[in-house]
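# Coordinates in review
This is what each chain is made of:
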Amino acid sequence: MSDTDIRRPVTPGVRLGRVSFVWRPWNVLVTLLLAAATFLVFCLSIGAGDFPIALPRVIATLFGGGERFDRFVIMDLRLPRALAGLVVGLALGVSGAITQSLARNPLASPDVLGITQGAGAVAVLLLTVSGGTTAAIAGSVGVSAAALAGGLGTGLLVYLLAWRRGIDGFRLILIGVSVSALMQAITTWLLATADVTDVARAQVWLVGSLDGRSWDTVTVALASTLVLLTVVAGAAFQFRPMHFGDEVAAGLGVRYAVVRAVMLLCAVLLAGVAVSAAGPVPFVALVTPQVAMRLVRCPTPPLVASGLVGAVLLIGSDLVARTALPVTLPVGVVTAAIGGPFLVYLLVRANRRQVV
Amino acid sequence: MSAVKETRLASGPASGVASGSAAARRRRLTGLSVLVALLAVSVAASLAIGARSLSPGEVWQGLFAAPDPDQRLTEIRLIVRTVRLPRTVLAVVAGIALGVGGALIQGCTRNPIADTGLLGVNAGASFGVVTVIALFGFTSPFQYVWFAFVGAAASGVVVFGLASIGRGAGNPLTLVLAGQGVAVFLAAMTTAITLSDRQSLNALRFWNAGTVAGVGFRVIWPVTAFIVVGLVLALATLPAVNLLNLGDDVARAMGVNIAVTRTVAIVAITLLAGAATAACGPIAFLGLMVAHVARYLTGPDYRWLVPYAGLLGAVVLMVCDIVGRLVVRPGELDAGIVVALLGAPFFAALVWRGKFRNA
């Protein structure tokens, strides 16, 4: 190492008491823009429907004003759905960013940790196998709650199986991939043996949808997401140095084993919350961190921006699905149809720039 | 530091880590012959075992006896030649294709969870199947097999095309992510069709299970031809893939044309995975699993790893097909499902015991 490598930091740091971070204007600007976009899409989504409400009236009503009829339509009918989209998008985006950071693999996501497949297998089991026990479970706790339990159980199973004197990213994703494959095979088998009417119902659930969300489900999901995001925010400052590897992180004073366990647990629970609120919306957690990385131009998946990209993607897709398309499609189809090509566009643009 | 690297490289450009010794070579050859023997045994078992079990003598008669008025012999001939032989041949061919494809894609992307579906091949094949069923109402696999292959090949080409626009060409990360992006989009289109068209949903759920049964030689021979071309291309790239795993800079310094190597490898993977998926449906996890097991058995030298992975793929697919015939008699469990149900716990146990290293 020559001494030219030791130089002043290119970007200035900011220190506020015990908290310090590097000042990156582009990063902050993009994140603020994403937050604004999230709010805009959120309001547009509330305004759109059989009874259209103009944007200013939506905003006025959300902040406590508005006419009585607007209040009824927005607060009682439309807000739960929009909030569900917001929560699911945030949860999936952050969960994906954490998983990809921990595994240091752009293909990793809560899907790879078995949460989506576990929830899917349980839901398909309940929806396709008619008979005493399954019908009783589906009737008493509901398919979503049972699927949530299945997803969290599978996530926990992956975690326990991958535990061997600590959690190692490589072992975690390989175990996760095998457990996911197992759950996927069970789902496929159930679908292949079931009655085709049940299969169609199961298919709709598997895609993920925001139809008919009420305040009951949304309140629980919103509260638990807020708690989890607070924990993530608290651990985030310790989390960032872990990209340099365990040794460097330990050298910088990070208790990496604890931070990793906490972050992984949060990722699993966030994905679980999303499953309970919208079903296993596929691909969002995989795509959003990569999109956010390229928008923010940062080398690792950014937590806040990923969550916001997820929220914009989910609410926006729901808006498109309800208004722009001739046929009604569940939100999961539209997120994938928009998210996939957008990721490809960003990749192609980045590749082009390398030529210059 | 640099001196160590030079001596290691000087011992032979593609020799990998300490693979030059005669003992290691002998051990690997022994392993290879054991795998070939295992494959032969499983082929014999596959011909004999099923809803009606046959003795080795009967299998022999069924295969080679001339047409005979004898009622019993005609029945045996029918079972062996039109039911057991096609699925056995397809299991061998598809198993080799998926094993080789899985090992090669892990070598090209340096990603340990890369599987043969990564280039959008499975999503493309499913999309092809669902589209023709929804548009033309095809019902028999004979009709839609070719559309599955076209879908798989087209998505492979699109992914590679997108990833190689500009001079960042063939960067493994770009390739992996472009594959995911295209697969995500195609899967969404497939779902959109199946949600509105009950008939294609019904076909897709059986197609998704992945099976080696039910297609005749009319499909198997052309599929085999594509796979053979893919295998030749795959084997031709192996020395260069070894060097790519030392990093792009080292590979370039050793005289490897990186863009050509990656292109040929990806064409090979698309042919192998596309043809196998078209004939069998998506068989997930097989390529990923055998690539890791092969790496554990041979070490990181792809010239050995890839043949091992191919043979392992064939053996595993064959055994899973046989198990699938036995467990839910008189019905059958599709081989693709058995692969995951049996393979995943086994694989997870090996991972837990720390048998595998990063690709």
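About the thresholds
Residues numbered from 1 in each chain as written. Chains lettered and ligands numbered in written order. Predicted model: local features only at pLDDT ≥ 70, side-chain atom pairs only at ≥ 80, totals over all residues. Heavy atoms only, no water. Helix = DSSP H or I, 4+ residues; strand = E, 2+ residues; numbered from the N terminus. Rg over C-alpha atoms; globule rule 2.2 N^0.38 Å. Buried < 20%, exposed > 50% of the residue type's maximum accessible area, 1.4 Å probe, protein only. Contact = heavy atoms within 4.5 Å. Areas by Shrake-Rupley, 256 points an atom, 1.4 Å probe, with all protein chains shown as cover. Lys, Arg positive; Asp, Glu negative; His and termini not counted. Charge placed at Lys NZ, Arg CZ, Asp CG, Glu CD. Buried area = accessible area lost by both parts, 1.4 Å probe. Salt bridge = Lys/Arg side-chain N within 4 Å of Asp/Glu carboxyl O. Polar contact = N/O pair within 3.5 Å; in protein donor to acceptor, adjacent residues only side chain to side chain. Pairing = 2+ DSSP bridges. Phe/Tyr/Trp six-rings, centres within 6.5 Å; stacked < 30°, edge-to-face > 60°. Lys NZ or Arg CZ within 6 Å of the ring centre and 35° of its normal. pLDDT = per-residue confidence, 0-100. UniProt positions renumbered as here; feature names shortened; annotations may be inferred. Patch = residues over 30% accessible without salt bridge, like charges linked within 9 Å, V, L, I, M, F, W, Y side chains within 5 Å.

## With respect to the overall build of chain B
Summing up its helical and strand segments, chain B has 14 helices and zero strands in all. Helices and strands in chain B line up, N terminus first, as α-α-α-α-α-α-α-α-α-α-α-α-α-α. By the compact-globule yardstick of 21 Å for 359 residues, chain B fits well, its C-alpha radius of gyration being 21 Å. Along the first, second and third principal axes, the C-alpha atoms of chain B reach 75 × 50 × 40 Å. Burial analysis of chain B (359 residues in total) assigns 54% to the buried set. Here the analysis covers contacts within chain B between residues at least 6 apart in sequence; of these, 75% occur between residues at least 24 apart. Summing over all exposed atoms, chain B offers an accessible surface of approximately 14,400 Å²; the carbon and sulfur share of this is 68%.

## Overview of the overall build of chain A
A tally of regular secondary structure across chain A gives 14 helices and two strands. Rg of the C-alpha trace for chain A: 21 Å, near the compact-globule value of 21 Å for 356 residues, within the 12% margin. Taking the principal axes of the C-alpha coordinates as reference, chain A spans close to 70 × 55 × 45 Å. Burial analysis of chain A (356 residues in total) assigns 53% to the buried set. In chain A, once contacts between residues fewer than 6 apart in sequence are set aside, the share between residues at least 24 apart is 70%. Counting every atom, chain A has about 16,300 Å² of accessible surface; 68% of that belongs to carbon and sulfur. Separation between the mean location of the 25 positive side-chain charges and that of the 15 negative ones in chain A comes to 10 Å.

## What about the interface of chain B and chain A?
Across the contact, 52 residues belong to chain B and 52 residues belong to chain A. Of the roughly 4,300 Å² buried between chain B and chain A on both sides combined, carbon and sulfur atoms contribute 78%. It is B:Ile113, B:Arg205 and B:Trp352 that lose the most area in chain B upon contact with chain A, and together they represent 16% of the buried surface on that side. At the surface where chain B touches chain A, the tally comes to zero salt bridges. At the junction of chain B and chain A, the tally comes to five residue pairs in polar contact (both at pLDDT 80 or more). Ranked by residue count, the leading element in the side of chain B that touches chain A is helix α7 (residues 172-196) of chain B, at 17 residues.

## Digging into the pairing of strand β1 (residues 13-16) of chain A
Residues and elements named next belong to chain A. Both β1 and strand β2 (residues 19-22) contribute to a ladder of four bridges, which runs antiparallel. Its bridge partner lying in β2, Leu 16 is registered against Val 19. Hairpin connection, β1 to β2: the antiparallel pair is bridged by two residues, and Gly 17 has positive phi, about 65°.

## As for the pattern of salt bridges
All names here are of chain B. On inspection of all chains with the given rule, the structure shows 10 salt bridges over all chains. One salt bridge connects Glu 332 with Arg 87, and the closest N-O pair in it is separated by 3.1 Å. Pair noted here: Glu 332 is in the loop between α13 (302-327) and α14 (335-352) and Arg 87 is in helix α4 (residues 71-109), with a separation of 245 residues, a long-range link. Judged by its relative accessible area of 44%, Glu 332 is partly exposed. Arg 87 gets classed as buried once you look at its relative accessible area, which sits at 6%. Between Arg 325 and Asp 321 there is a salt bridge whose closest N-O contact spans 2.9 Å. Of this pair, Arg 325 and Asp 321 both sit in helix α13, four residues apart, roughly one helical turn.

## Observations regarding the packing of aromatic side chains
On inspection of all chains with the given rule, the structure shows seven aromatic pairs over all chains. Between B:Phe149 and B:Phe226, the ring centres sit 4.4 Å apart and the planes meet at 40°, which makes this aromatic pair tilted. Of this pair, B:Phe149 sits in helix α6 (residues 141-163) while B:Phe226 sits in helix α9 (residues 217-244), and the two are 77 residues apart along the sequence. Of the residues examined, B:Phe226 reaches a relative accessible area of 32% and is grouped as partly exposed. Taking the centre distance of 5.1 Å and the plane angle of 15° together, the rings of B:Phe217 and B:Trp221 count as stacked. Taken as a pair, B:Phe217 and B:Trp221 lie in helix α9 at a separation of four residues, close to a single helical turn. Its guanidinium or amino end placed over the ring of A:Trp26, A:Arg297 lies 4.1 Å from that ring's centre, counting from NZ or CZ.

## Structural notes on the confidence of the model for chain B
Residue and element names in this part refer to chain B. For chain B, the mean per-residue pLDDT works out to 84, and 91% of the residues sit at or above 70. When pLDDT is averaged over each element of chain B, α13 comes out on top at 93 and helix α1 (residues 2-10) at the bottom at 38. The low-confidence segment residues 1-18 (pLDDT under 50) makes 11 contacts with residues lying over four places distant or belonging to another chain. Overall fold confidence for the complex sits at a pTM of 0.84, while the interface term, ipTM, reaches 0.81.

## Here we look at the UniProt feature "transmembrane region" (unreviewed entry) in chain A
Residues and elements named next belong to chain A. Using the residue numbers shown here, the UniProt feature "transmembrane region" (unreviewed entry) corresponds to residues 26-48, 79-99, 111-129, 135-160, 172-192, 218-237, 258-283 and 327-348. Spanning residues 218-237, this segment combines 100% helix with 0% strand, and its end C-alpha atoms are found 29 Å apart. When the span residues 258-283 is considered, its composition is 81% helix and 0% strand, and the gap between its end C-alpha atoms is 28 Å.

## Re the environment of B:Trp304
Residue and element names in this part refer to chain B. Topologically, Trp 304 is positioned in helix α13. Of the residues examined, Trp 304 reaches a relative accessible area of 14% and is grouped as buried. When neighbours within four sequence positions are excluded, Trp 304 is seen to be in contact with Arg 25, Arg 28, Leu 29, Leu 32 and Thr 298.

## Focus on a nonpolar patch on the surface
Residues and elements named next belong to chain A. On the surface, a nonpolar cluster with roughly 660 Å² of combined accessible area is contributed by Leu 16, Val 19, Phe 21, Trp 23, Val 28, Leu 32 and Phe 237. Put simply, the parts of the chain that give the nonpolar patch at least two residues each are β2 and α1 (25-47). The exposure class of Phe 21 is partly exposed, given its relative accessible area of 35%.

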